[in-house]
Amino acid sequence: MAFTFKQFHIDDLGCGMPVSTDAVILGAWAPLTEAKRILDIGAGSGLLSLMAAQRSQAAITCVELEPRAAVACQHNINHSPWASRLELQQTRIQEFSQAPQWQQYFDHIICNPPYFEHGPQAEATHRAIARHTAHLSFTELLAAVARCLTANGRTSLILPVQSLARFNPLIRTAGLNLLERVDIHSVEGKAANRVLYLLSQSPDSAVPADLPPKVSQLTVRDKQGQYTPAMVQLTHAFYLKM
């Protein structure tokens, strides 16, 4: 399916994880405007990488394992205004993060990770890779983040609320801190179903280890089904009709 934003176009044909509201929220929220080197883990169609390119002057490395998604990602990069600043690596992040040249290299990492651990996997392999942790567990993801992130770097992720019980204990184990959490409510009055996380390396001299994370809320739509003012403010630089 093709999706046109204000400054770029995404064709996600063949991608296991198509363009989603989750990814747009993450790409618009992540505090990466001052970043110099950004890593997009599991880049898929390249949506997060292109949003990062629009919002920063950074050099961006996209890592994508699945071949069809990598083809779509490269196509979207080539047809964007920022092709010279984006590089695609078709490989597993587990192997990528072991290479000495990438360790402690990126000052911001962004990821919309696979999160299904149990239950039936998608029959299509490319969709299973994008959605299930069998190909990238939370432990492997956080270990790769810790290896690739600079000492003062930050990592932005989006996760389902039901994954937090498994994910949260692994943050400290990987040597990372939770700095900020945003609870996302899809509709006004409903319980949060997604969270945005901002992580840092640990220990961070500027952030005491026992300091609780900053917590806030984002509601996507009001009870009439319209985007809330907060959602409009967050995403107006990307969505055509905002």
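Above this note sits the structure.
Below, the structure is looked at part by part.

Calculation rules
- Residues numbered from 1 in each chain as written.
- Predicted model: local features only at pLDDT ≥ 70, side-chain atom pairs only at ≥ 80, totals over all residues.
- Heavy atoms only, no water.
- Helix = DSSP H or I, 4+ residues; strand = E, 2+ residues; numbered from the N terminus.
- Buried < 20%, exposed > 50% of the residue type's maximum accessible area, 1.4 Å probe, protein only.
- Contact = heavy atoms within 4.5 Å.
- Areas by Shrake-Rupley, 256 points an atom, 1.4 Å probe, with all protein chains shown as cover.
- Salt bridge = Lys/Arg side-chain N within 4 Å of Asp/Glu carboxyl O.
- Pairing = 2+ DSSP bridges.
- Axes fitted to C-alpha atoms, helices over the stretch in contact; angles between N-to-C directions.
- Left-handed = near helix turned anticlockwise from the far one by under 90°.
- Nonpolar A, V, L, I, M, F, W, Y, C, P; charged D, E, K, R; others polar.
- Disulfide = S-S within 2.5 Å.

### Considerations on the overall build of the protein chain
Okay, so step 1: The number of helices and strands found in the protein chain is eight helices and ten strands.
Okay, so step 2: Expressed as a percentage of its 242 residues, the buried residues of the protein chain come to 50%.
Okay, so step 3: Counted over contacts in the protein chain with a minimum sequence separation of 6, partners at least 24 positions apart contribute 69%.
Okay, so step 4: As displayed, the protein chain has an accessible area near 11,200 Å², and 53% of this comes from carbon and sulfur atoms.

### A word on the pattern of salt bridges
Okay, so step 1: Counted according to the given criterion, the structure contains four salt bridges.
Okay, so step 2: When the shortest N-O distance is used, the salt bridge between Arg194 and Asp22 registers 2.6 Å. Remark: Asp22 occurs in helix H1 (residues 21-29) and Arg194 occurs in strand S9 (residues 194-201); sequence separation between them is 172 residues.
Okay, so step 3: Overall, the relative accessible area of 18% leaves Asp22 in the buried class.

### A closer look at the sheet that holds strand S7 (residues 149-160)
Okay, so step 1: Judged by pairing direction, the sheet is mixed, and its eight strands sit side by side in the order S5-S4-S3-S6-S7-S9-S8-S10 without closing on themselves. Bordering the open sheet on either side are strand S5 (86-89) and strand S10 (214-221), each of which pairs with just one other strand. Here the average twist between neighbouring strands, direction ignored, is 20 degrees.
Okay, so step 2: In this structure, strand S8 (residues 176-187) lies alongside S10, joined through seven bridges in parallel fashion. Along S10, the bridge assignment pairs Arg181 with Val215.
Okay, so step 3: Relative to strand S4 (residues 59-63), helix H2 (residues 47-55) is tilted by about 175 degrees, and along the sheet it contacts strand S3 (37-41), S4, S5 and strand S6 (106-111).
Okay, so step 4: Against the sheet, helix H6 (residues 138-148) makes contact with S3, S6, S7, S8 and S9, and its axis sits at roughly 155 degrees relative to S7, the strand it touches most.

### Examining the pairing of S9
Okay, so step 1: Within S9, eight of the eight residues are buried, which leaves it mostly tucked inside the rest of the structure.
Okay, so step 2: Pairing of S7 with S9 involves seven bridges; the strand directions are antiparallel. Bridging from a neighbouring strand, Pro160 pairs with Arg194 of S9.
Okay, so step 3: In terms of strand pairing, S8 meets S9 through eight bridges, oriented antiparallel. By the bridge assignment for S9, Asp183 is matched with Val195.
Okay, so step 4: Hairpin remark: S8 followed by S9, antiparallel, with six residues in the connecting loop; positive phi at Gly189, about 90 degrees.

### A word on unusual backbone geometry
For residues that are not glycine, phi is negative in most cases, and the peptide bond is trans in most cases.
Okay, so step 1: Of note in the backbone geometry, Gln104 takes a positive phi value of approximately 55 degrees without being a glycine.
Okay, so step 2: Within the fold, Gln104 resides in the loop between helix H4 (93-96) and S6.
Okay, so step 3: Among the residues examined, Gln104 registers a relative accessible area of 58% and is labelled exposed.

### Describing the environment of Val71
Okay, so step 1: By secondary structure assignment, the location of Val71 is in helix H3 (residues 67-78).
Okay, so step 2: In this structure Val71 comes out as exposed when scored by relative accessible area, which is 59%.
Okay, so step 3: In sequence terms Val71 and Ser45 are 26 residues apart; their C-alpha atoms lie 8.3 Å from each other.

### Considering the environment of Gln224
Okay, so step 1: Positionally, Gln224 belongs in the loop between S10 and helix H8 (229-235).
Okay, so step 2: Between the C-alpha atoms of Gln224 and Val187, which are 37 residues apart in sequence, the distance is 9.0 Å.

### A look at the packing of H6 against helix H7 (residues 164-173)
Okay, so step 1: At a minimum axis separation of 10 Å, H6 and H7 run at an interaxial angle of 35 degrees. As for the relative orientation of H6 and H7, their crossing is right-handed in sense. Mapping the contact onto sequence places Phe138, Thr139 and Leu142 in H6 and Arg166, Phe167, Leu170 and Ile171 in H7.
Okay, so step 2: When its residues are assigned to classes, the contact of H6 with H7 shows five nonpolar, one polar and one charged.

### Examining the state of the cysteines
Okay, so step 1: Per the counting criterion, the structure on display carries zero disulfides.
Okay, so step 2: The thiol sulfur of Cys62 is not disulfide-bonded, and the nearest other cysteine sulfur, from Cys73, lies at 4.5 Å.

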